[in-house]
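Residue strings, one per chain:
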Amino acid sequence: MKTAIIYSDELKNYDFGPGHPFRGDRFASFFQLYEEKLGKNKNFQLIKNSQPASDKELKLWHTQEYIQVIKAASSGITIPHLYQFISQDNVNPISGKFPQDIERAARIIVRNSILALDFVQEKRSEKAVNIGGGLHHAKSGYGEGFCFYNDVVIVARYAMEKYSLKRILILDTDAHAGNGTCEAFYSDPNVLFIDLHQAGIYPGTGFIDEIGEGRGEGFTINLPLAAATGNKSYQLIFDEIIVPLAREYKPEIVIRYGGSDPHPSDEITQLGLTLEGFKMIGKKVKEISRLCENKSVDLICSGYKPDVLSKAWLSLITGLADVEVELEEPLLETEQGQNLAETKELIKRVKENLKPHWKSMNN
Ligand SMILES: [Zn+2]
């Protein structure tokens, strides 16, 4: 069955302007490479959407007041106390202006994540990828980390509401902790949230001991990684923690998200994940999705260097779809790293915390 790649021409408007690390031209860069490497490949189908998410869909996570503020600010209206609703990194750093017309693009991204889930649930494809999705830092009433609407939370809630799903595995492989997603499901056992991220950087959350609370205790798994962790460490974490937990949880769907920012040349972080590592992640997600009739939704948007992000995104997708393409590794500007000793220690500590909740963590 073909993998659906969902996108919109309006993604280019998800742009914070010159001087900001998140620019809207990333999508064109990616599709140029996609066309070159996979344009004629029969394993994929491109789906274009230009319909934005409705208020009702946004309200699966966001407050009415917040939605109104973002919509008004995006149309040029001056909002008093704007910074009660967004952080400084969600405006242009040079002009200090709220990015115009970004709200509609943010809504389209949410709709595309919903569309990806519908595709998979309705068996129109086993796997669906939303190019532009994974805006994991957005809280219910606060936008930060370049994120306004959290499509991850919304699509998971939508899956619960529309398809009555009760075991949703969300895997965050973005280099930053998914603070918005974590907050949404912290006491919710219907989501197993597993988050790999670099320790000690923005947003400063995602510690090992944060494992959920109440009925959700044991259903949040944070894996804060040391700088220069490298591919082998990621592989070990999948083999020791993520795959065994997934087998025990028996998800009804897998939602993975995160783009290229763990790549060492992506500049923002130093995790040392190379293209081979991104492909490995795609393959592992494919492996896990066998637990739920091969169903998985993939949301991809992070990354801060056009060349690196295009190749890393494509590597994730080819791993997921089990397709071979040749990609030249972008120049590694920092140590690739093999911080295996620290990773083994991390695995030990995470297992210790999870033992009371998961049989598979007793090995
Ligand atoms: Zn990130």
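Residues numbered from 1 in each chain as written. Predicted model: local features only at pLDDT ≥ 70, side-chain atom pairs only at ≥ 80, totals over all residues. Heavy atoms only, no water.

## Description of the overall build of the protein
Moving on, step 1. Along the backbone of the protein there are 10 helices and 8 strands.
Moving on, step 2. The C-alpha atoms of the protein give 19 Å as radius of gyration, which agrees with the globular expectation for 363 residues (21 Å, within 12%).
Moving on, step 3. Taken over the C-alpha atoms alone, the protein extends approximately 55 × 45 × 40 Å along its principal axes.
Moving on, step 4. In the protein, of all internal contacts separated by at least 6 residues, the share reaching a separation of at least 24 is 80%.
Moving on, step 5. Between the averaged position of the 42 positive side-chain charges in the protein and that of its 49 negative side-chain charges there is a distance of 6 Å. (Helix = DSSP H or I, 4+ residues; strand = E, 2+ residues; numbered from the N terminus. Rg over C-alpha atoms; globule rule 2.2 N^0.38 Å. Contact = heavy atoms within 4.5 Å. Lys, Arg positive; Asp, Glu negative; His and termini not counted. Charge placed at Lys NZ, Arg CZ, Asp CG, Glu CD.)

## Here we look at the packing of helix H7 (residues 231–249) against helix H8 (residues 275–289)
Each pair of packed helices can be summarised by the angle the axes make with each other and by the distance between the axes.
Moving on, step 1. At a closest axis distance of 11 Å, the pairing of H7 and H8 adopts a crossing angle of 10°. Between H7 and H8, the angle falls in the class roughly parallel. In this structure, H7 uses Asn231, Tyr234, Gln235, Phe238, Asp239, Ile242, Val243, Ala246 and Arg247 to contact H8, whose residues at the interface are Glu276, Gly277, Met280, Ile281, Lys284, Glu287 and Ile288. (Axes fitted to C-alpha atoms, helices over the stretch in contact; angles between N-to-C directions. Parallel < 35°, antiparallel > 145°, perpendicular 65-115°, else oblique.)

## Comments concerning the coordination of the zinc ion
Octahedral metals with six donors have ideal donor angles of 90 or 180 degrees. Tetrahedral metals with four donors have an ideal donor angle of 109.5 degrees.
Moving on, step 1. The zinc ion binds to the protein through Asp174 (OD), Asp174 (OD), His176 (ND1) and Asp261 (OD), with metal-donor distances spanning 1.9 to 2.7 Å.
Moving on, step 2. Sequence spacing of the donor residues for the zinc ion, all on one chain, is D-x1-H-x84-D. (Donors = N, O, S within 2.8 Å, 3.2 Å for Na, K, Ca; no water.)

## Some remarks on the pattern of salt bridges
Moving on, step 1. By the definition in use, this model includes 21 salt bridges.
Moving on, step 2. Across the pair Lys139 and Glu183 runs a salt bridge, and its minimum N-O distance is 3.6 Å. Here the residue Lys139 occupies a position in the loop between strand S3 (127–131) and helix H5 (151–163), and Glu183 occupies one in helix H6 (residues 179–185), the gap between them amounting to 44 residues.
Moving on, step 3. Its relative accessible area of 17% is what places Lys139 among the buried residues.
Moving on, step 4. Note on Glu183: relative accessible area 44%, which makes it partly exposed. (Salt bridge = Lys/Arg side-chain N within 4 Å of Asp/Glu carboxyl O. Buried < 20%, exposed > 50% of the residue type's maximum accessible area, 1.4 Å probe, protein only.)

## Quick look at the pairing of strand S5 (residues 191–198)
Moving on, step 1. Within S5, 8 of the 8 residues are buried, which leaves it mostly tucked inside the rest of the structure.
Moving on, step 2. Neither face of S5 is left uncovered, since the one carrying Val191, Phe193, Asp195 and His197 and the one carrying Leu192, Ile194, Leu196 and Gln198 both have all their residues buried.
Moving on, step 3. By the bridge criterion, 5 bridges tie strand S4 (residues 168–172) to S5 in an arrangement that is parallel. Counterpart to Ile170 in the pairing with S5 is Phe193.
Moving on, step 4. Bridge analysis of S5 against strand S6 (residues 220–225) gives 6 bridges, and the strand direction is parallel. Bridged to Gln198 within S6 is Leu225. (Pairing = 2+ DSSP bridges.)

## Points about the packing of helix H3 (residues 64–74) against helix H4 (residues 102–121)
Moving on, step 1. H4 packs onto H3 with a crossing angle of 130° between their chain directions and a minimal axis gap of 7 Å. In terms of orientation, H3 and H4 fall into the oblique class. Contacts from Ile67, Ile70, Lys71 and Ser74 of H3 reach H4 at Ile102, Glu103 and Arg107.
Moving on, step 2. Considering only residue class, the contact of H3 with H4 consists of 3 nonpolar, 1 polar and 3 charged. (Nonpolar A, V, L, I, M, F, W, Y, C, P; charged D, E, K, R; others polar.)

## Quick notes on the pairing of strand S1 (residues 3–7)
Moving on, step 1. With 5 of its 5 residues buried, S1 lies for the most part within the structure.
Moving on, step 2. Of the two faces of S1, both are covered, the one formed by Thr3, Ile5 and Tyr7 as well as the one formed by Ala4 and Ile6.
Moving on, step 3. Read from S1 through helix H1 (residues 26–38) to strand S2 (residues 44–48), the crossover connection turns out right-handed.
Moving on, step 4. Note: S1 against S3, 3 bridges, orientation parallel. (Right-handed = clockwise from strand over helix to strand, strands pointing away.)

## Side note on the packing of aromatic side chains
Moving on, step 1. Summed over all chains, the structure comprises 21 aromatic pairs.
Moving on, step 2. For the pair Phe16 and Phe22, a centre-to-centre distance of 6.0 Å together with 75° between the ring planes defines the contact as edge-to-face.
Moving on, step 3. Residue classification places Phe16 among the buried residues on the basis of a relative accessible area of 2%.
Moving on, step 4. Seen from their ring centres, Phe16 and Phe148 are 5.8 Å apart, and the 15° between their planes marks the pair as stacked. (Phe/Tyr/Trp six-rings, centres within 6.5 Å; stacked < 30°, edge-to-face > 60°.)

## What to know about the nonpolar core
Moving on, step 1. Ranked by internal contacts, the top residues of the largest apolar core, which has 125 residues, are Tyr14, Ile131, Phe148, Ile168, Ile170 and Ile242.
Moving on, step 2. Looking at this core element by element, the count peaks at 11 residues for H4. (Core = buried A, V, L, I, M, F, W, Y, C linked by side-chain atoms within 4.5 Å.)

## Section: the sheet that holds strand S7 (residues 253–257)
Moving on, step 1. What the 8 strands build is an open sheet, ordered S2-S1-S3-S8-S7-S4-S5-S6; its pairing is parallel. Both outer strands of the open sheet, S2 and S6, are each paired with one neighbouring strand and no more. Averaged over all neighbouring strand pairs, the angle between strand axes comes to 15°, with direction disregarded.
Moving on, step 2. Contacting S4, S5 and S6, H7 runs over the sheet at an angle of about 170° to S5.

## Here's the deal with H8
Moving on, step 1. In a regular helix each residue adds 1.5 Å, so 15 residues correspond to 21 Å; H8 covers 21 Å between its end C-alpha atoms and thus fits that length.
Moving on, step 2. With 11 of its 15 residues buried, H8 lies for the most part within the structure.
Moving on, step 3. Buried residues belonging to H8 abut S3, S4, H7, S7, strand S8 (296–300) and helix H9 (306–321). (Expected span 1.5 Å × (residues − 1).)

## Overview of the side chain of His62
Moving on, step 1. Along the chain, His62 turns up in the loop between helix H2 (55–58) and H3.
Moving on, step 2. Separated by 3.0 Å, the side chain of His62 and the backbone oxygen of Lys139 make a polar contact.
Moving on, step 3. A distance of 3.1 Å separates a polar side-chain atom of His62 from the backbone oxygen of Ser140.
Moving on, step 4. With sequence-adjacent residues up to four places away left out, His62 is seen in contact with Ile67, Ala138, Lys139, Ser140, Phe148, Tyr149, Asn150 and Ile154. (Polar contact = N/O pair within 3.5 Å; in protein donor to acceptor, adjacent residues only side chain to side chain.)

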